Amino acid sequence: MVKDTDMSICVNHTNRAATARCVTCHKPLCAECIVKVKGSTYCSQTCADNAARFNAGFRPERGPGLFASIKNLIVSLVGLAIGLAVLVGIGAYVLNIGFCQKIIKMLGL
Ligand SMILES: [Zn+2]
Ligand SMILES: [Zn+2]
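Glancing now at the overall build of the chain. For the chain, the count of helices and strands is three helices and four strands. Its helices and strands in sequence order give the chain the pattern α-β-β-β-β-α-α, from N to C terminus. Relative to its full complement of 109 residues, the chain shows a buried share of 9%. Contacts spanning at least 24 positions in sequence make up 6% of the contacts within the chain whose residues lie at least 6 apart.

Take a look at the structure:
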């Protein structure tokens, strides 16, 4: 596990063992380099800000995103159904016009 050994050394102090990792960029950090914001561990204020922005934008995007995908699914299904109906109608008209006329006569139209 070469990667594990690399990750356990602080990014800023190569002679120090990392005790935590940045939540945002996953950089290994020693106790001195840790920036604690709202109980989470970051390497810098920039990463803390990015995480806050990501968390703020994540939830509102999820709802409409799911709604939009369901709406798109319904729209595409309706479109498919209409397309299929038109195709069957054209097919019936082109291929079975005699058969259709028989049915129309049977119904007395
Ligand atoms: Zn970071
Ligand atoms: Zn350090």
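Next, the rest of the story.
Below, the discussion takes up the environment of histidine 13. By the element assignment, histidine 13 lies in the loop between helix H1 (2-7) and strand E1 (20-21). Of the residues examined, histidine 13 has 13 C-beta atoms within 10 Å and is grouped as partly exposed. In this structure, the C-alpha to C-alpha distance between histidine 13 and cysteine 30, residues 17 residues apart in sequence, is 7.6 Å.

Counting buried positions along helix H3 (residues 97-106) yields zero of 10 residues, so the element is predominantly exposed. At the exit of H3 stands glycine 108, carrying a positive phi of roughly 75°.

This part is about unusual backbone geometry. Notably, histidine 26 is not glycine yet its phi reads approximately 65°, a positive angle. You can see histidine 26 is positioned in the loop between E1 and strand E2 (28-29). The class of histidine 26 is exposed, set by 11 C-beta atoms lying within 10 Å. For lysine 38, which is not glycine, the phi torsion reads 50° and is therefore positive.

Another aspect to go through is the confidence of the model for the chain. The predicted model of the chain averages 84 in pLDDT, with 87% of residues at 70 or higher. Looking at the elements of the chain, mean pLDDT is at its lowest for H1, recorded as 50, and at its highest for strand E4 (residues 40-42), recorded as 96. In this model, residues 1-5 is a region of pLDDT below 50 whose contacts with residues beyond four sequence positions or in other chains number zero contacts.

A word on the nonpolar core. Grouped together as the largest cluster of nonpolar side chains are nine residues: Cys10, Ala18, Cys22, Leu29, Cys33, Tyr42, Cys43, Cys47 and Ala48. When near neighbours in sequence (up to four residues on either side) are disregarded, cysteine 10 contacts Arg16, Ala18, Pro28, Leu29, Cys30 and Cys33.

The next point concerns the environment of isoleucine 34. Here isoleucine 34 is to be found in the loop between E2 and strand E3 (35-37). Distance from isoleucine 34 to serine 44, taken between C-alpha atoms, is 7.6 Å for residues 10 residues apart in sequence. When sequence neighbours within four positions are dropped, the list of residues in contact with isoleucine 34 reads Ala20, Leu29 and Thr41.

Analysis parameters
- Residues numbered from 1 in each chain as written.
- Chains lettered and ligands numbered in written order.
- Predicted model: local features only at pLDDT ≥ 70, side-chain atom pairs only at ≥ 80, totals over all residues.
- Helix = DSSP H or I, 4+ residues; strand = E, 2+ residues; numbered from the N terminus.
- Buried ≥ 20, exposed ≤ 12 C-beta atoms within 10 Å, placed from the backbone.
- Contact = placed C-beta atoms within 7 Å.
- pLDDT = per-residue confidence, 0-100.
- Core = buried A, V, L, I, M, F, W, Y, C linked by C-beta atoms within 7 Å.

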